Amino acid sequence: MRQADIAQVVADVYREAGSRLAAYGYVLTGSHHGAEELVQAAVVKTLVKRRRLDDHRAIEGYVRATMRTLHIDGIRRDATWRRLIPKVASSDPHEHADDVEDHDEISRALAALPPRVRTAVALRFYDDLTVADIAIAMHLSDGTVKKYLAEGRQRLAPVLGVSDEDPERMPVVERSKP
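Residues numbered from 1 in each chain as written. Predicted model: local features only at pLDDT ≥ 70, side-chain atom pairs only at ≥ 80, totals over all residues. Heavy atoms only, no water.

Visitor: Would you explain the environment of Pro158 in this entry?
Guide: Relative to the helices and strands, Pro158 resides in helix α7 (residues 142-160). Note on Pro158: relative accessible area 62%, which makes it exposed. In sequence terms Pro158 and Ala109 are 49 residues apart; their C-alpha atoms lie 9.7 Å from each other. (Helix = DSSP H or I, 4+ residues; strand = E, 2+ residues; numbered from the N terminus. Buried < 20%, exposed > 50% of the residue type's maximum accessible area, 1.4 Å probe, protein only.)

Visitor: Could you clarify how one ought to interpret a nonpolar patch on the surface in this entry?
Guide: Together, Ile106, Leu160 and Val162 give the surface a local cluster of nonpolar side chains, amounting to about 250 Å² of exposed area. Note that Val162 resides in the segment after α7. (Patch = residues over 30% accessible without salt bridge, like charges linked within 9 Å, V, L, I, M, F, W, Y side chains within 5 Å. Areas by Shrake-Rupley, 256 points an atom, 1.4 Å probe, with all protein chains shown as cover. Salt bridge = Lys/Arg side-chain N within 4 Å of Asp/Glu carboxyl O.)

Visitor: I would appreciate a short explanation of the side chain of Glu60 in the present structure.
Guide: Position of Glu60 among the secondary structure elements: in helix α3 (residues 56-84). The class for Glu60 is buried, based on a relative accessible area of 6%. If we ignore the near neighbours within four places in the chain, the residues touching Glu60 are Ala17, Arg20 and Leu21. (Contact = heavy atoms within 4.5 Å.)

Visitor: Which parts of the structure should I look at to understand the nonpolar core?
Guide: For soluble globular proteins, nonpolar side chains are generally found buried alongside one another. If you look at the biggest cluster of nonpolar residues, it comprises 33 residues, and the most contacted ones within it are Leu21, Val63, Met67, Leu123, Ile134 and Met138. At the level of secondary structure, the elements contributing two or more residues to this core comprise α1 (3-29), α2 (32-49), α3, α4 (105-112), α5 (115-125), α6 (131-138) and α7. Sorting elements by how many residues they give to this core places α1 first, with 7 residues. The contacts of Val63, once residues within four sequence positions are left out, are Leu21, Ala42, Val43 and Thr46. (Core = buried A, V, L, I, M, F, W, Y, C linked by side-chain atoms within 4.5 Å.)

Visitor: For this particular structure, what's the right way to read the side chain of Thr29?
Guide: Here Thr29 is to be found in helix α1. Classification of Thr29 by relative accessible area gives buried; the value is 18%. One polar contact links the side chain of Thr29 to the main-chain carbonyl oxygen of Ser31, over a distance of 3.1 Å. Side-chain polar atoms of Thr29 contact the backbone nitrogen of Ala35, separated by 3.4 Å. Excluding residues that lie within four positions of it along the chain, Thr29 makes contacts with Gly34, Ala35, Leu38, His71 and Arg118. (Polar contact = N/O pair within 3.5 Å; in protein donor to acceptor, adjacent residues only side chain to side chain.)

Visitor: Can you walk me through the confidence of the model for the protein chain in this structure?
Guide: Any region with low pLDDT has predicted coordinates that should not be read closely. In this model, the protein chain carries an average pLDDT of 78, and 73% of its residues clear a pLDDT of 70 or more. Per-element confidence in the protein chain is highest for α6, whose mean pLDDT is 93, and lowest for α4, whose mean pLDDT is 82. Note on residues 96-103: pLDDT under 50 across the span, and 13 contacts to partners over four residues away in sequence or across chains. (pLDDT = per-residue confidence, 0-100.)

Below you can see the structure in the form of structure tokens.
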């Protein structure tokens with residue numbers, strides 16, 4: 001694919017799906033800056049490896065999957081570095097919660113969640129993955145994923161105006177015909 005063609009595909013992806021991808025990145029990272037970085041990295045990685053994609057919806061799906069993978073890999077990498085940092089260095093990593101807009105209560109609540117809990121919540125409620133799929137994606141046990149989801153529900157329930165004991169989803173009920 002020629003350089004001009006790649007530039008056009010990138011422009012089309014940002015025009016068609018840029019806001020959706022940025023919103024998804026924000027849910028994963030908890031910051032606008034982190035979301036932008038994640039989208040850019042995922043677009044580059046996706047289009048470098050899959051240059052023959054022409055359908056923008058397919059590209060968006062690949063970019064989302066790449067964003068998820070990059071984010072989870074980043075969490076693992078950060079955890080490894082925190083274990084390896086010398087005792088002299090500060091063990092309190094800079095949180096990006098200050099970057100979150102003060103007026104958005106749900107955004108603040110998401111940003112306050114620990115990274116693994118926020119990732120599990122995003123994969124469950126934004127990507128609609130099952131517990132087993134989340135466990136595979138995050139390389140965790142089903143029980144650990146359930147623990148993260150329960151913690152996320154408990155912390156987000158007051159902000160969302162639901163009880164943390166309410167069912168996760170409302171059952172689908174077929175309406176009677178008039």
